[in-house]
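# Reading the structure
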Number of protein chains: 2
Amino acid sequence: MTRQQLIEQIRRKKSFLCVGLDPDLKKMPAHILRMPDPIFEFNKQIIDATAPYAVAYKPNIAFYEALGQRGWNSLQRTVNYIPKDCFTIADAKRGDIGNTSALYAKAFFDKDSSGMSFDSITVAPYMGRDSVMPFLEFENKWVILLALTSNEGSGDFQMLVTNPLLSPKDNEDDISNSQVILDTNNRYLFEEVLSRSQTWPHADRLMYVVGATKAQMLQRIRQIIPDGFLLIPGVGAQGGSLEEVVRYGLNKDCGLLVNAARSIIYASSGVDFAQKAQEEAQRMQQEMAHYLQVAGMVA
Amino acid sequence: MTRQQLIEQIRRKKSFLCVGLDPDLKKMPAHILRMPDPIFEFNKQIIDATAPYAVAYKPNIAFYEALGQRGWNSLQRTVNYIPKDCFTIADAKRGDIGNTSALYAKAFFDKDSSGMSFDSITVAPYMGRDSVMPFLEFENKWVILLALTSNEGSGDFQMLVTNPLLSPKDNEDDISNSQVILDTNNRYLFEEVLSRSQTWPHADRLMYVVGATKAQMLQRIRQIIPDGFLLIPGVGAQGGSLEEVVRYGLNKDCGLLVNAARSIIYASSGVDFAQKAQEEAQRMQQEMAHYLQVAGMVA
């Protein structure tokens, strides 16, 4: 899906809602569990119920992988069922040396190889440029690079203060004793991830993960990424505020995909789960429509 | 597998060789490709041929995942075929928020859930402590955390200079203007990953990935991790030197698992591939036996 097609969907549905497809057998209604492929059946009903209100779907790959082969079967059926006008995200957090990342790209982008073709995949940046490039080389596909995540541990490394002027080659052996005054070059690691990745080839195919629990950091992030799209998890069950995300993160093309999983797909654990999921998706869509109207993006 | 069991295997086989199981249909002999499950058949013959010389096997998960469900079937059969006295590594580079990492841990550690039970998994550190803890909570299992990888892009972020005294909370809003003299607190990001992770619960279940292409950095790494095990990829096809790895990385319990994949498993593309793989594994084992003898670890 192209950027323009995504923006059109956002305007058409007046929504930037992404529904997280995190199917957990422990939370599913009993009548679904009796079916031959309960995960696919659950997802199918959630998709049918929420598609008018959602512009994207994000299967969290771990939920499928934990079940081995049958999980991959359910995942493949799910991806192929999602309507073509919805943006699909493989939330896989992959990343490895080049020849290996090329294979992960085949797993999620190349239907001939794996049976699946997502529009995008989440990728971890730790291994650097050549670990991301194999994903970026697919035309009309997107890499959603981890920047600042929604979990508590995001502070451990993502918010370390770095000084790129010192790195990486100049002082390999004596950095522990060098006297350098940090000043305007000070940046958090996640900011370094944002700015370096913007210099890579096909950077126009990059989006970034920014947790809703770090909404105020969106101001700093928009200084580096004014125009790009951000995938925002953490609204709902994790405690992030949609209003704050919009205040600090909305740009002229919307530029946001806000993910909600548990608050939608487990809105009810009864036979009415799809109906309740629809109501919650619609509630979020209406709040989003309001913000888009205020910003003058939709009528 | 416990640390003591691993050390016993190293002494018994006089080897710290890990064979990378990276099965590539394009590189396999024609007679293997005609079999119903060529990937498993290839791996089986490689394992049979190399098991006397290898203490560990490391399937690179991407090679299986790229093939979708049938790849996962081949992976499951492979893991279950590896002899129980060999240490198994799921080279998966996973890592996500806590509840998701817990599912990845089930995928690779919990046979009841996924059909597979590895001894260890490689994990990316970017998301911090709570993304790693679900893997560390499994008794007698290991997390092999990415520290300094073997690829060119490892310099992009892993070798950024950080100053932990500034991070993460003290100066959230004004780090860009703060005047701080970096001195003995200067560390590379990968060193911060090493030292922080050593403070986490169950840190005795941590190993680290350090690329053989960065062998001289092993001196710095051994200052932080004197006793732990390091998984060293990059010897062979990627150009790293076994001699240098040993010089800078060997500790009193060996403390090294050196991975070779392509140089062993594709030593020949003919009907003699297993024989040639055996010869190359034995050649590496003999070199390793020499180093272990010089160090007085084996007779």
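All of these numbers come straight from a predicted model, not from anything done at the bench.

Looking now at the overall build of chain A. Counting its secondary structure elements, chain A contains 14 helices and eleven strands. Since a compact globule built from 299 residues should have a radius of gyration of about 19 Å, the 20 Å found for chain A is in line with a globular shape. Seen through its C-alpha atoms, chain A measures out along the principal axes to roughly 65 × 45 × 35 Å. Split into buried and exposed, the 299 residues of chain A put 56% on the buried side. At a minimum sequence separation of 6, the contacts of chain A that also span at least 24 residues come to 71%.

With that settled, the discussion passes to the sheet that holds strand 4 (residues 120-123) of chain A. All names here are of chain A. Pairing within the closed barrel is parallel, and its eight strands lie in the order 1-2-3-4-5-9-10-11. Adjacent strand axes in the sheet meet at a mean angle of 30°, parallel and antiparallel pairs treated alike. Note: strand 9 (residues 206-210) against strand 10 (residues 230-232), two bridges, orientation parallel. Across the sheet, the residue bridging to Y208 is L230, located in strand 10. Along the sheet, helix 12 (residues 242-249) contacts strand 10 and strand 11 (256-260); its crossing angle with strand 11, the most-contacted strand, is approximately 165°.

To continue, consider helix 5 (residues 69-81) of chain B. When the terminal C-alpha atoms of helix 5 of chain B are compared, their 19 Å separation across 13 residues agrees well with the 18 Å that a helix rising 1.5 Å per residue should span. What helix 5 of chain B keeps buried is the set G71, W72, S74, L75, T78 and V79 of chain B. Buried positions in helix 5 of chain B, seen along its axis, are confined to an arc of 160° and lie on one side of it. Residues of helix 5 of chain B that are buried sit in contact with helix 5 (69-81) of chain A together with strand 1 (17-21), helix 3 (38-50), strand 2 (56-59), helix 4 (61-65) and strand 3 (87-94) of chain B.

On to the packing of helix 3 (residues 38-50) of chain A against helix 5 of chain A, then. Relative placement of two packed helices is described by the angle separating their axes and the distance separating the axes. Residue and element names in this part refer to chain A. The geometry of helix 3 relative to helix 5 is characterised by a closest axis approach of 9 Å and an angle of 20° between their N-to-C directions. Classified by the interaxial angle, the pair formed by helix 3 and helix 5 is roughly parallel. For the pair helix 3 and helix 5, the sense of crossing is right-handed. Residue-level inspection shows I39, F40, N43, K44 and I47 of helix 3 in contact with helix 5, the latter providing S74, R77, T78 and Y81. By residue class, the composition of the contact of helix 3 with helix 5 is four nonpolar, three polar and two charged.

All names here are of chain B. Summarising burial for strand 1: five of the five residues are buried, a large majority. Bridging between strand 1 and strand 11 (residues 256-260) involves three bridges; their strand directions are parallel. When the sheet's bridge partners are listed, V19 is paired in strand 11 with A260. Bridging between strand 1 and strand 2 involves four bridges; their strand directions are parallel. Opposite L21, over in strand 2, you have P59 as the bridge partner.

Residue and element names in this part refer to chain B. Read around the barrel, eight strands follow the order 1-2-3-4-5-9-10-11 and close on themselves; strand pairing throughout is parallel. The average undirected angle you get between the axes of adjacent strands in this sheet is 30°. Relative to strand 11, strand 10 (residues 230-232) runs parallel, the two sharing three bridges. Pairing of L230 across the sheet is with L256, part of strand 11.

Residues and elements named next belong to chain B. Packing of helix 6 (residues 98-109) against helix 8 (residues 129-136) leaves a shortest axis separation of 8 Å and a crossing angle of 30°. In terms of orientation, helix 6 lies roughly parallel with respect to helix 8. Note that helix 6 runs across helix 8; the crossing there is right-handed. Facing helix 6, whose interface residues are G98, S101, A102 and A105, helix 8 presents D130, S131, M133, P134 and F135. Partitioning the contact of helix 6 with helix 8 into residue classes produces five nonpolar, three polar and one charged.

On to helix 3 of chain B, then. With 13 residues, helix 3 of chain B ought to run about 18 Å at 1.5 Å a step, and its terminal C-alpha atoms sit 18 Å apart, in line with that. Where the residues of helix 3 of chain B are buried, they touch strand 1, helix 2 (30-33), strand 2, helix 5, helix 13 (262-265) and helix 14 (273-294) of chain B.

Below, the discussion takes up the confidence of the model for chain A. Across chain A, the average pLDDT comes to 93, with 93% of residues at or above 70. Scored as a complex, the prediction yields pTM 0.95 and ipTM 0.94.

Every other side chain in a regular strand lies on the same face of the sheet, so the side chains alternate between the two faces. All names here are of chain B. Side chains of strand 2 alternate between two faces, with A56 and K58 and Y57 and P59 buried alike. As defined by bridge partners, strand 2 adjoins strand 3 across two bridges and the pair is classed as parallel. In the sheet register, A56 faces strand 3, and the bridge partner there is F87.

Residues and elements named next belong to chain A. Phi is positive for K14, which is not a glycine, with a value near 50°. Locating K14 in the fold gives a position in the loop between helix 1 (3-13) and strand 1 (17-21). When the 20 C-beta atoms within 10 Å are taken as the criterion, K14 is described as buried. Backbone geometry places N140, a non-glycine residue, at a positive phi of 60°. Structurally, N140 can be placed in the loop between helix 8 (129-136) and strand 5 (142-148).

The next subject is the environment of G249 of chain B. Residue and element names in this part refer to chain B. In this fold, G249 is placed in helix 12 (residues 242-249). Taking the C-beta count within 10 Å as the criterion, G249 has 22 such neighbours and is therefore assigned buried. Sequence spacing of G249 and L230 is 19 residues, and the spatial spacing of their C-alpha atoms is 8.2 Å. Sequence-distant contacts of G249, defined by excluding residues within four places in its chain, comprise L218, R222, L230, I232, G255 and L256.

Analysis parameters
- Residues numbered from 1 in each chain as written.
- Chains lettered and ligands numbered in written order.
- Predicted model: local features only at pLDDT ≥ 70, side-chain atom pairs only at ≥ 80, totals over all residues.
- Helix = DSSP H or I, 4+ residues; strand = E, 2+ residues; numbered from the N terminus.
- Rg over C-alpha atoms; globule rule 2.2 N^0.38 Å.
- Buried ≥ 20, exposed ≤ 12 C-beta atoms within 10 Å, placed from the backbone.
- Contact = placed C-beta atoms within 7 Å.
- Pairing = 2+ DSSP bridges.
- Axes fitted to C-alpha atoms, helices over the stretch in contact; angles between N-to-C directions.
- Expected span 1.5 Å × (residues − 1).
- Arc of directions from axis to C-beta.
- Parallel < 35°, antiparallel > 145°, perpendicular 65-115°, else oblique.
- Left-handed = near helix turned anticlockwise from the far one by under 90°.
- Nonpolar A, V, L, I, M, F, W, Y, C, P; charged D, E, K, R; others polar.
- pLDDT = per-residue confidence, 0-100.

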